[in-house]
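Here are the chains, one letter per residue:
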Amino acid sequence: KFKLICQKENSKFSVISNLTELDISLNQTLLSFSNYTGLIYEEKNNILQQSIILGNNTFIKKAIKQDWILENKSKNIDGFVCYKATTTNKITYGEKIFNHPVIAWYCPSIPYSFGPNGYSGLPGLILELQVRNVVYGATQIDLNTAENFEIDTKKMKILNEQQYKEALDKINDF
């Protein structure tokens, strides 16, 4: 289970429940299959995504995905009317390029442009997200929560995507 907390200009996406019957390495493997690498903050126009492999205080700074295509399809999720949006994740592996479709169902009546696992930028909260074979779906929506958080960038080592790639390359060469 994951939790998305939204504030006026920030969001925090984190795992709240691990599969306790499994050992830590298997649990981490299952989380990585969902492309979850750790805590994710969104602030202003950036995503700060934790990279546990480089240390709990290391975060990769990424731009918010802006190339959504809004579609005229709707569905009801937990009593909220949601609309479909699509985009594509472009993955480069060596000389090959793979395009993976991403489908989001967002709710304009919930005025936050956030969503799970670093996906955001739509005109409403993303209540369902499908990335490859993983589906994130809202199971509980609390619009009156008093839960808050702070993003303390002074305690973070923040890398851009190129610096992150170089750090991973160093680990792989070891």
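Everything that follows concerns the structure shown earlier in this document.
Residues numbered from 1 in each chain as written. Predicted model: local features only at pLDDT ≥ 70, side-chain atom pairs only at ≥ 80, totals over all residues. Heavy atoms only, no water.

A. How the structure looks around the sheet that holds strand β11 (residues 157–159). With mixed pairing, the six strands of this open sheet are ordered in space as β1-β2-β3-β4-β5-β11. Each having just a single partner strand, β1 (2–6) and β11 make up the two edges of the open sheet. The average undirected angle you get between the axes of adjacent strands in this sheet is 20°. Taken together, the five bridges between strand β4 (residues 46–50) and strand β5 (residues 58–63) define a ladder with antiparallel strand orientation. (Pairing = 2+ DSSP bridges. Helix = DSSP H or I, 4+ residues; strand = E, 2+ residues; numbered from the N terminus. Axes fitted to C-alpha atoms, helices over the stretch in contact; angles between N-to-C directions.)

B. Layout of the pattern of salt bridges. Counting across every chain of the model gives four salt bridges. The partner of E147 in a salt bridge is K3, with the nearest N and O atoms 2.7 Å apart. Of this pair, E147 sits in the loop between β10 (134–137) and β11 while K3 sits in strand β1, and the two are 144 residues apart along the sequence. Accessibility expressed as a relative area gives 34% for E147, which makes it partly exposed. Taking relative accessible area as the criterion, K3 reaches 31% and is therefore assigned partly exposed. Taking the shortest distance from any N to any O, the salt bridge between K165 and D169 comes out at 3.1 Å. In this pair, K165 and D169 both sit in helix α2 (residues 161–173), four residues apart, roughly one turn of the helix. On the accessibility criterion, K165 (45% relative accessible area) is partly exposed. A relative accessible area of 33% means that D169 is categorised as partly exposed. (Salt bridge = Lys/Arg side-chain N within 4 Å of Asp/Glu carboxyl O. Buried < 20%, exposed > 50% of the residue type's maximum accessible area, 1.4 Å probe, protein only.)

C. Examining the pairing of strand β7 (residues 80–93) more closely. Of the pairings in the sheet, the one linking strand β6 (residues 69–77) to β7 comprises six bridges and is antiparallel in character. Bridge pairing in β7 links S74 to Y83. Where β7 meets strand β8 (residues 96–107), eleven bridges bridge the pair, whose relative direction is antiparallel. When the sheet's bridge partners are listed, T87 is paired in β8 with V102. Between β7 and β8, which pair antiparallel one after the other, the connecting turn spans two residues, and G94 there sits at a positive phi close to 70°.

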